[in-house]
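# Structural characterization, general
This is what each chain is made of:
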Amino acid sequence: MEQRILRIEIGEEPPADRLDKALSALVPEEENLSRSRLAKLIADGAVTREGVAVTEQKTKVAAGEVYEITVEASRDVETVAQKIDLEILWEDDDLIVINKPAGMVVHPAPGTPDGTLVNALLHHFGGNLSGIGGEKRPGIVHRIDKETSGLLVVAKSDAAHHGLAKQFEKHTVHRHYMAVCHGVPSAADPRLRGTKGVNFEQGGVLKITSQLARHKTDRQKQAVCFDGGRHAVTRARTVEDLQGVAALIDCWLETGRTHQIRVHMAHAGHGLIGDPVYGGRRKLPKSLGEAAIDAAANFPRQALHAATLGFVHPVTGEELEFSSPLPDDMEQLLTALRGNVSI
């Protein structure tokens, strides 16, 4: 397999005292080696000093030391390519923006080894990938849940993967989600104002701040906590009051944690309609009418759609923003909840 050797010399003032951080700072940007990629190279023995492999990321570095990094050429991955139709909003040599349908898993896992977005992309690219992390695979820099529809950007090159990952890490990516929740969030609701981690900002914007961690007894769920876990901030505003029993809301993320909108809205007492994990199967009052009640009760997924995605192109520097209209199932749900149709 083809490979190249990078020679990195530690200067008189090392940028960091440990190996992984120092190499991350010193490796030329055009090499597009992320810190996680460097960590794997170190662990795999691909980083040497005076011909001896250094396999500990926390190894102390000193001025004048020279490290050599062996970087293998990108290799094909074993994930099977599958012909699956995709709705593509943008594509160039470095990235692709997809409008993912509900029901599609983003990445293969033990329970879903195929039929995923990655399987579809491998077929679509037909091997035309420069490689991500040493493998010829799409670079997944963010995900949305299987039953959430909407926009995703995927890297096709190491340069794009590295640049997009930095934007997500710095929370500069513009993401808005449309959702349908139980109840109507209101600053006038004393229950909501008394809920820990919940407050309202100017313009009636609901802000939910907490830590998120795995649920203590159900490892498939996330749970709100205020000690430990990972910091998470969600904001939401009511777009439409649906007869006082539900609302169309616009949510945006300051952080991007697993199930963040779903678990935060449930914590606030406004779980998403159709959410089977976080209590979105609540019954609506009979006064709403049979059609609306049935539409909500039978909605087959969490009513959540990734509607807006904006970022700076990591290679060209162009500012890009994409939008996706609500899918048909959510539009039909809204129509029923407005009381406009009989089902």
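Before reading on, note that the structure itself is shown above.
Notes on the structure follow.

## Things to note about the overall build of the chain
Of regular secondary structure, the chain possesses eight helices and 18 strands. Here the C-alpha coordinates of the chain stretch approximately 80 × 45 × 40 Å along the principal axes. Across the 343 residues that make up the chain, the buried fraction comes to 46%. Within the chain, contacts between residues at least 6 apart in sequence are counted, and of these 64% link residues at least 24 apart.

## Focus: the sheet that holds strand β1 (residues 3-9)
Ordered in space as β1-β4-β2-β3, the four strands form an open sheet in which the pairing is antiparallel. Edge strands, defined here as strands with exactly one partner in the open sheet, are β1 and β3 (52-53). For β1 and strand β4 (residues 66-72), the ladder comprises seven bridges, and the chain directions are antiparallel. Note that in β4 the partner of Leu-6 across the bridge is Ile-69.

## Re the environment of Asp-328
Looking at where Asp-328 falls in the secondary structure, it is placed in helix α8 (residues 328-337). Asp-328 sits 60 residues away from Ala-268 along the chain, and the two C-alpha atoms are 27 Å apart.

## Quick notes on the pattern of salt bridges
All told, the structure shown has 14 salt bridges when counted by the stated rule. One salt bridge in this structure joins Arg-237 and Asp-250, with 3.4 Å as the shortest N-O distance. Separated by 13 residues along the polypeptide, Arg-237 in strand β15 (residues 230-242) and Asp-250 in strand β16 (residues 246-253) bring together distant segments of the chain. You can call Arg-237 partly exposed: its relative accessible area is 39%. Residue Arg-301 is joined to Asp-329 by a salt bridge in which the shortest nitrogen-to-oxygen separation is 2.8 Å. Here the residue Arg-301 occupies a position in the loop between α7 (290-297) and β17 (304-312), and Asp-329 occupies one in helix α8, the gap between them amounting to 28 residues. If you follow the salt bridges from partner to partner, you end up with Glu-201, Lys-207, Arg-235 and Glu-254 in one network.

Calculation criteria
For every chain, the first residue of its written sequence is number 1, and the numbers climb from 1 along that sequence. Given that the model is predicted, a residue must reach a pLDDT of at least 70 before its local features are reported, and side-chain atom pairs must reach 80 or more before they are shown or counted; all residues, however, enter totals for whole chains, interfaces and linings. Only heavy atoms go into the side-chain values, all of them from the structure, while hydrogens and water stay out. Each helix is a run of DSSP H or I of at least 4 residues and each strand a run of E of at least 2, with the numbering of both proceeding from the N terminus. Burial classes: relative accessible area under 20% of the type maximum marks a residue as buried, over 50% as exposed, and values in between as partly exposed (1.4 Å probe, protein chains only). Contacts: residue pairs with any heavy atoms within 4.5 Å of one another. DSSP bridges decide pairing: two strands pair if at least two such bridges lie between them. Each reported salt bridge corresponds to a side-chain nitrogen of Lys or Arg within 4 Å of a carboxyl oxygen of Asp or Glu.

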